Each structure stands twice: as structure tokens, then as C-alpha cells.
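Listed below, chain by chain, are the residues.
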Amino acid sequence: MNKRSIQSKQKFLLLKFLKTILVEILPYSGRFDFVLYEKDGRTEIPILAIELTEEHRTNENRIKCDQAKELICDTHDFTLIRIPNSYARRYSHIKEILLRYFKK
């Protein structure tokens, strides 16, 4: 088996695994609040996801959804930044978070 077919099989298994997780854990929505992409030719590669979150998560479905989003970001090697809902309209705060991220 050559390297390309091994990578294809690994990608297929990963996508199958993620599909199972998304169906079981994210029954209603698997969307991020914001995603920043980097353009590579015609392809857009996600580099950063931003989630607005409540201070204290008690809803079990919400907690599972958050865990699935973390897994998706970890698996695809892009950053997930959580911002409390109370900061959603504090644009200078969000700007500072983004500036710190891009200075890395």
C-alpha cells in the first residue's frame, strides 16, 4: 500500500469518525459562531474559530456540542477561542484577542 492510499484511508476513517460524532453529539447544529480562513489559491483553510459562550454551561446538549467543537478544532489543527457572551459587543476586547493571536 502506497503512502497516498494510506493517507486517503486515514482521511476516510477520520471523516467517518467525525460524522458519527457530529450525528450523535451535535443533533441540532454543528456551526461555529465565527471562522477565520486563510486563502491558499482557491482553497480556504480554517485557521481560527470563535465561539461566544455562556459563563456557566449546565445544559448537557450544549456541553456535548462544545466538546465536539473542541474535537473538530483539535483534529483539524486550528484554534478555538471562546469569548463570553458578555463580551460579544465589546469590540475592543475582541480586537485585542485577535491581535494577540496573530502576533504568535
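See the structure shown above.
Residues numbered from 1 in each chain as written. Predicted model: local features only at pLDDT ≥ 70, side-chain atom pairs only at ≥ 80, totals over all residues. Heavy atoms only, no water.

Undergrad: Account for the nonpolar core, with residues named and values stated.
TA: The nonpolar side chains of soluble globular proteins are, as a tendency, buried together. Judged by nonpolar contacts, Leu48, Ile50, Ile81, Ile83, Ile94, Ile97 and Tyr101 together constitute the single largest core of seven residues. Considering every element that reaches this core, the biggest residue donor is helix H3 (residues 91-103), with three residues. Setting aside its immediate chain neighbours within four residues, Ile83 contacts Ile50, Glu51, Leu52, Thr53, Ile94 and Ile97. Residues Phe32, Ile72, Cys73 and Phe78 belong to the second largest nonpolar core, which totals five residues. (Core = buried A, V, L, I, M, F, W, Y, C linked by side-chain atoms within 4.5 Å. Buried < 20%, exposed > 50% of the residue type's maximum accessible area, 1.4 Å probe, protein only. Helix = DSSP H or I, 4+ residues; strand = E, 2+ residues; numbered from the N terminus. Contact = heavy atoms within 4.5 Å.)

Undergrad: If you had to explain the environment of Ala49 to someone new, which residues and values would you point to?
TA: Within the element layout of this structure, Ala49 appears in strand S2 (residues 43-53). Ala49 gets classed as buried once you look at its relative accessible area, which sits at 0%. Sequence separation of Ala49 and Lys69 is 20 residues, and the distance between their C-alpha atoms is 9.3 Å. For Ala49, the residues in contact, after removing those within four places along its chain, are Phe32, Phe34, Val35, Cys73, Phe78, Thr79, Leu80 and Ile81.

Undergrad: So what about the pattern of salt bridges? Which residues, and what values?
TA: This structure, assessed with the given rule, holds four salt bridges. Where Glu44 meets Lys39, a salt bridge forms, and the shortest distance between an N and an O atom there is 3.9 Å. For Lys39, a relative accessible area of 59% puts it in the exposed group. Note that Arg82 and Asp66 form a salt bridge whose closest N and O atoms lie 3.6 Å from each other. Taken as a pair, Arg82 in strand S3 (residues 79-84) and Asp66 in helix H2 (residues 60-75) lie far apart in primary sequence, 16 residues in all. With relative accessibility at 8%, the residue Asp66 sits in the buried group. (Salt bridge = Lys/Arg side-chain N within 4 Å of Asp/Glu carboxyl O.)

Undergrad: Outline H3, supporting the account with residue identities and numerical values.
TA: Between its first and last C-alpha atoms H3 spans 18 Å; for 13 residues at 1.5 Å apiece the expected length is 18 Å, and the two agree. Those residues of H3 that sit buried are Ile94, Ile97 and Tyr101. One side of H3 holds all its buried residues, which, seen down the axis, span an arc of 55°. Every exposed residue of H3 that faces more than 90 degrees away from the buried side is listed here: Tyr91, Ser92, Lys95, Arg100 and Lys103. Buried residues along H3 sit against S2 and S3. (Expected span 1.5 Å × (residues − 1). Arc of directions from axis to C-beta.)

Undergrad: Which residues make up the packing of aromatic side chains, and what values go with them?
TA: Inspection of the entire model under this criterion finds two aromatic pairs. Here the aromatic rings of Phe32 and Phe78 are separated by 6.2 Å at their centres, their planes lie at 70°, and the arrangement is edge-to-face. One end of the pair, Phe32, is in the loop between helix H1 (3-25) and strand S1 (34-40); the other, Phe78, is in the loop between H2 and S3, and 46 residues separate them in sequence. Accessibility assignment for this pair places Phe32 and Phe78 in one class, buried. One cation-aromatic arrangement involves Lys69 over Phe32; the distance from NZ or CZ to the ring centre is 5.7 Å. Sitting over the face of the ring of Tyr87, Arg90 holds its NZ or CZ atom 4.5 Å from the ring centroid. (Phe/Tyr/Trp six-rings, centres within 6.5 Å; stacked < 30°, edge-to-face > 60°. Lys NZ or Arg CZ within 6 Å of the ring centre and 35° of its normal.)

Keep in mind that these numbers describe shape and distance, not what the molecule does.
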